[in-house]
Amino acid sequence: MLNIALPKGRLGSKVYKMLESIGYECPEILEDSRKLIFENSEAGVKYFLVKPSDVAIYVEYGAADIGVVGKDILDEGDFDIYELANLGFGTCRMAIAAKNEFREDFDRPLKVATKYPNIAKNYYNSKNREIEIIKLNGSIELAPVLGLSDVIVDIVETGTTLKENGLSVFEEILPISARLIANKSAFKFKEEEITKIVEAVKGQIK
Ligand code: PRP
């Protein structure tokens, strides 16, 4: 039995459809319910629905053998896992954004609001730019609008959230996409099953 951590939400639906198309179907998952565990013993698969930012934790600790997670989460954390494939979907960009009229004052530390303090610190360290991090958990775009920060470091997908709040991208930091990851010891003990899924997944990537 292969235990798979699926991110809840939009990314999870895409991942499930891909896994279903390569023989790991579990149609009950598509029903509207509050269940978090789904199993298809014939296909040899058990799915766990987890918060996207927690997928790598379930995999690192071995509660799940494999999982799918955004590269943003992997770069922000420091997870002891194997990254097996870039799935090529769930694509977006990690970017610095600010109010359209923003002009940077280099005589003082830059106030940066973000859900990704490590990515932001690494980026500005590499530029030798002194910053002050304001860690938020969502609706990051509000911070520069309300004067809480100068800029934000956040993911941009369609750009709609920025546009509708009078912000624009100043610089792109990293391209992001979904990655298939595995627990290190599961990869040893379930190598055949995991390799099979990785090969099938790679065959689906355009
Ligand atoms: C993410 C991100 C941006 C938005 C970008 O937020 O933090 O706010 O999506 O998408 P867009 O470029 O297509 O508008 P999310 O939806 O995860 O909600 P959050 O504000 O709770 O973080």
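Calculation criteria
Residues numbered from 1 in each chain as written. Predicted model: local features only at pLDDT ≥ 70, side-chain atom pairs only at ≥ 80, totals over all residues. Heavy atoms only, no water. Near = heavy atom within 4 Å. Polar contact = N/O pair within 3.5 Å; in protein donor to acceptor, adjacent residues only side chain to side chain. Areas by Shrake-Rupley, 256 points an atom, 1.4 Å probe, with all protein chains shown as cover. 1 Å grid on protein atoms, 1.4 Å probe; cavity = no way out; pocket = protein on both sides within 12 Å on 5 of 7 lines; lining within 4 Å. Sits in = over half its atoms within 2 Å of the grid points. Helix = DSSP H or I, 4+ residues; strand = E, 2+ residues; numbered from the N terminus. Nonpolar A, V, L, I, M, F, W, Y, C, P; charged D, E, K, R; others polar. Expected span 1.5 Å × (residues − 1). Buried < 20%, exposed > 50% of the residue type's maximum accessible area, 1.4 Å probe, protein only. Arc of directions from axis to C-beta.

So, about the site of the ligand. By nearness alone, every residue bordering the ligand is listed as K115, G138, S139, E141, D154, I155, V156, E157, T158, G159, T160 and T161. Between D154 and the ligand, the recorded distance is 2.6 Å, taken from a side-chain N or O atom to an oxygen atom. In this structure, T158 approaches the ligand through a side-chain N or O atom, which is 2.5 Å from an oxygen atom. Contact with the protein chains covers 68% of the free accessible surface of the ligand, which is 500 Å². Because more than half of its atoms lie within 2 Å of the grid, the ligand is assigned to the largest pocket. Of all elements in the fold, only β9 (151-156) and α6 (160-164) reach the threshold of two or more residues within the shell around the ligand. Ranked by residue count, the leading element in the shell around the ligand is β9, at 3 residues. For the shell around the ligand, a count of residues per class yields 2 nonpolar, 6 polar and 4 charged.

Our next topic: helix α1 (residues 10-21). Within an α-helix, residues lying three or four positions from one another point in the same direction, as the helix has 3.6 residues per turn. In a regular helix each residue adds 1.5 Å, so 12 residues correspond to 16 Å; α1 covers 17 Å between its end C-alpha atoms and thus fits that length. If you check which residues of α1 are buried, you get G12, V15, Y16, M18 and L19. Down the axis of α1, the smallest arc covering the buried residues is 160 degrees, so these residues share one side. Across α1 from its buried face, at more than 90 degrees, point the exposed residues R10 and K17.

Shape is all these values report; function is a separate question.
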